[in-house]
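Each chain is listed here by its residues.
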Amino acid sequence: MTTSIAPAESTDSPYALSHLDALESESVHIFREVAGEFERPVLLFSGGKDSIVMLHLALKAFAPAPVPFTLLHVDTGHNFPEVLDFRDRTVAEHSLRLHVAKVQDYIDDGRLRERPDGTRNPLQTLPLTDAIRELRFDAVFGGGRRDEEKARAKERVFSLRDEFSQWDPRRQRPELWQLYNGRHAPGEHVRVFPLSNWTELDVWQYIAREGIALPEIYFAHEREVFRRGGMWLTAGEWGGPKADEPVETRTVRYRTVGDMSCTGAVDSDATTLDAVITEIAASRLTERGATRADDKLSEAAMEDRKREGYF
Amino acid sequence: MTSTTDPLTPEHLSATTLLRFATAGSVDDGKSTLVGRLLHDSKSVLADQLEAVERASQVRGHSAPDLALLTDGLRAEREQGITIDVAYRYFATARRRFILADTPGHVQYTRNMVTGASTAELAVVLVDARNGVVEQTRRHAAVAALLRVPHVVLAVNKMDLVDYAEPVFAAIAREFIAYAASLGVPEVTAIPISALAGDNVVEPSAHMDWYGGPTVLEHLETVPVSHDLTDCPARFPVQYVIRPQSAEHPDYRGYAGRIASGMLRVGEQVTVLPSGATTTIAGLDALGRSVDTAWAPQSVTVLLADDIDVSRGDLIAPVATAPEVTQDIRATVCHLHERPLKVGERVLLKHGTRTVKAIVKALPYRIDLSHSLAHDNEPAQLDVNDIGAVVLRTAEPLPVDAYAESRLTGSFLLIDPADGTTLTAGMAGEPFAAQPAADEAADEGWDF
């Protein structure tokens, strides 16, 4: 019985790109679209792996010219010192310009109040949106990926934000073919996600293929940690551990790098990129599920934070 | 052939290709269950996601995990129990990485199907084996045909509810394939499945010995993702001019872009449109590697032999196969916004990397996708989710290809100049391909 008009062939043509080449090409296209259409783009750069990959793609997109925009980091005051060092070395190496907005400044002058749980990730939103407004950025590159979380699965590559940085799912524009519509009113801006279609594994494979340097905390190392909310948190000045939370030394690594107060380490012996990739391919927990307390607050946690102007 | 759901290793993962595909089906066709099963059985669903689904299923009183819950995203949708937008899903096997545009099949969401299909190389259309080809099915086939999705899969679902009966499947497949062929769809693969029971989704069914074809996943893993590009006319929309003006590169002037179609070759004579100036490709920089040829969809930087005026918005194409430039465009459109489109309206038209002013000169007809593709001539306006023909006049000449020839240089958006809203998606030319002649039917799909 015939069920096909024509049978599919099972071989790829020699012109089929590898998945990493296809993703790289798409991301470079996004960077160039923004550079071509916006006045003042900025790239959110924390020294975390997704922002490092973004910067690497931006450097390739405009070479041999320099990247035609600046970088912005929202420092929670609880960032890992190794990551801040890495951030500053990277900025110096490529002669980039970095703006830093500090949550600590907001706490010191009373514009923000410390949360009872000591978590500062939700406090980033105000310094971020203030920096965007004061420095008049009209496009903000973020490292968000659609595979990270259900609320992000429907995020656009160009995500329109109103003058309060708020995200309204009903106002988002359909994105067809490769046509990104970045038009916005004065005071509004567009969050742009060049890694939208990458998965955690793609990011790691690309890091390996391109030989991209990362902060050492992404690889297995010995660290003093304690258990809270099912995660290993770093003992430190930020507020942990409490009296009933014993500290122990374990061999761990980080899968994501955020605020120390809510970013958990995972037990790991992976000291090399290949070992990390093997571990991720075999992993039974998502990146955010394993290591981010801020996303566990509620099933709709990310959706709520996005609406308020978080990444 | 067996499916490849063994644990992934770095060696496996290094040389895989990427397939973008879209699913379309009505709320009750079991589309979410199919997608959930693809994610679950290909082991792309991770433990914390599955636990969340199990918890939510228990709360709702289901005895088994409801795989459909894996794919609904926003709280607004969960509360209403519907899917309101395109959601993108990611999964991988040892053979391929997949990006799935999961689109709701509800009648008022044609725009979402159009959006998902615009980037898809393959579309899965679901039907319920008990209902056969219904109005929605015809609509989904028509959208896949309109958007020139190269490969179409008909998944006849709920075969368990028709006793896995071959004649039921055969009749539905025959009817659908005949309809798709009448729309010019060059290839349909029909697969009998039960998403709920798992038959022929990832694992071959134990209940349908009469079916000898691939499972859904096997087909997704093996369908070609690229064609022989050497015969397609090359198209290169210029995105950005790279001019370092540094001590190291005082005279470097490169034109950055993503090849939209075909192949560029060093030494080839090219023309820059709309100006019409001609020169030769002096070099191709593929993100740090100097190459002699580059092809779609690579992002590259083109170096030209002569110092001519080229800027963002221009299109570089070989002299021999350059497109015509025109200010008069006749196109098939899908209207995307609640604000209707009317004759006389002034809009912005975004084509490739160029945005120009345009005016809607005429609305020749609207197509009813669900019935006989009947034309409603000269409608007063196009409303959201309407498909119809539009005649536009642009303020500047544009090098527009027929969409049937080139998806990326034959497509455009209409934008509201007042607030930037994306109003309409356009495809230059007539809506459906002619029915393929018998000898062309063996071709593997449209060339892009």
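Each value, and the rule that gives it
Residues numbered from 1 in each chain as written. Chains lettered and ligands numbered in written order. Predicted model: local features only at pLDDT ≥ 70, side-chain atom pairs only at ≥ 80, totals over all residues. Heavy atoms only, no water. Helix = DSSP H or I, 4+ residues; strand = E, 2+ residues; numbered from the N terminus. Buried < 20%, exposed > 50% of the residue type's maximum accessible area, 1.4 Å probe, protein only. Contact = heavy atoms within 4.5 Å. Areas by Shrake-Rupley, 256 points an atom, 1.4 Å probe, with all protein chains shown as cover. Phe/Tyr/Trp six-rings, centres within 6.5 Å; stacked < 30°, edge-to-face > 60°. Pairing = 2+ DSSP bridges. Axes fitted to C-alpha atoms, helices over the stretch in contact; angles between N-to-C directions.

> Before we go on, may I ask you to explain the overall build of chain A in this structure?
Assigned secondary structure in chain A consists of nine helices and ten strands. Within chain A, the proportion of its 311 residues that are buried is 64%. Considering only contacts within chain A whose residues lie at least 6 apart along the sequence, 72% involve residues at least 24 apart. About 11,900 Å² of surface is accessible on chain A, with carbon and sulfur atoms providing 48% of the total.

> Could you clarify how one ought to interpret the packing of aromatic side chains in this entry?
Any pair of aromatic rings gets described here by the distance separating the centres and the angle formed by the planes. Enumeration according to the criterion identifies 18 aromatic pairs over all chains in this entry. Residues W177(A) and Y403(B) carry aromatic rings whose centres are separated by 5.7 Å and whose planes lie at 65 degrees to one another, so their mutual orientation is edge-to-face. Here the residue W177(A) occupies a position in the loop between strand 5 (158–161) and strand 6 (189–192), and Y403(B) occupies one in the loop between strand 21 (387–398) and strand 22 (411–415), the pair thus bridging two chains. Comparing W177(A) with Y403(B), the two get one shared label, buried.

> Can you walk me through unusual backbone geometry in this structure?
For residues other than glycine, phi is negative in most cases, and the peptide bonds are mostly trans. All names here are of chain B. Following L273, the chain continues into P274 via a peptide bond in cis, with omega recorded as 10 degrees. Here P274 shows up in the loop between strand 11 (269–273) and strand 12 (277–286). Residue A296 is joined to P297 through a cis peptide bond whose omega torsion reads 0 degrees. Position of P297 relative to the elements: it lies in the loop between strand 14 (293–295) and strand 15 (299–304). Although it is not a glycine, Y164 sits at a positive phi angle of roughly 50 degrees. Here Y164 lies in the loop between strand 5 (151–157) and helix 7 (166–182). Despite not being glycine, L287 shows a phi value in the positive range, around 50 degrees. Checked against the element boundaries, L287 lands in the loop between strand 12 and strand 13 (289–291). By relative accessible area, which is 13% here, L287 ends up buried.

> Just to check I follow, could you spell out the sheet that holds strand 1 (residues 17–24) of chain B for this structure?
What links the strands of a sheet is backbone hydrogen bonding, and the strands pair in either a parallel or an antiparallel sense. Residue and element names in this part refer to chain B. An order of 2-3-1-4-5-6 is seen for the six strands of this open sheet, with the pairing classed as mixed. Single-partner strands in this sheet number two, and they are strand 2 (87–92) and strand 6 (188–192). Here the strands of the sheet are splayed against their neighbours by 25 degrees on average, with no regard to which way each runs. In the packing of helix 7 onto the sheet, contacts are made with strand 4 (122–128), strand 5 and strand 6, and the angle to strand 6 comes to roughly 160 degrees.

> I'm lost on the sheet that holds strand 6 of chain A in this one. Help?
Residue and element names in this part refer to chain A. The mixed open sheet is built from six strands, whose spatial order is 3-2-1-4-6-5. Single-partner strands in this sheet number two, and they are strand 3 (98–102) and strand 5. Averaged over all neighbouring strand pairs, the angle between strand axes comes to 30 degrees, with direction disregarded. For strand 5 and strand 6, the ladder comprises four bridges, and the chain directions are antiparallel. The residue bridging R161 from the neighbouring strand is H189, located in strand 6.

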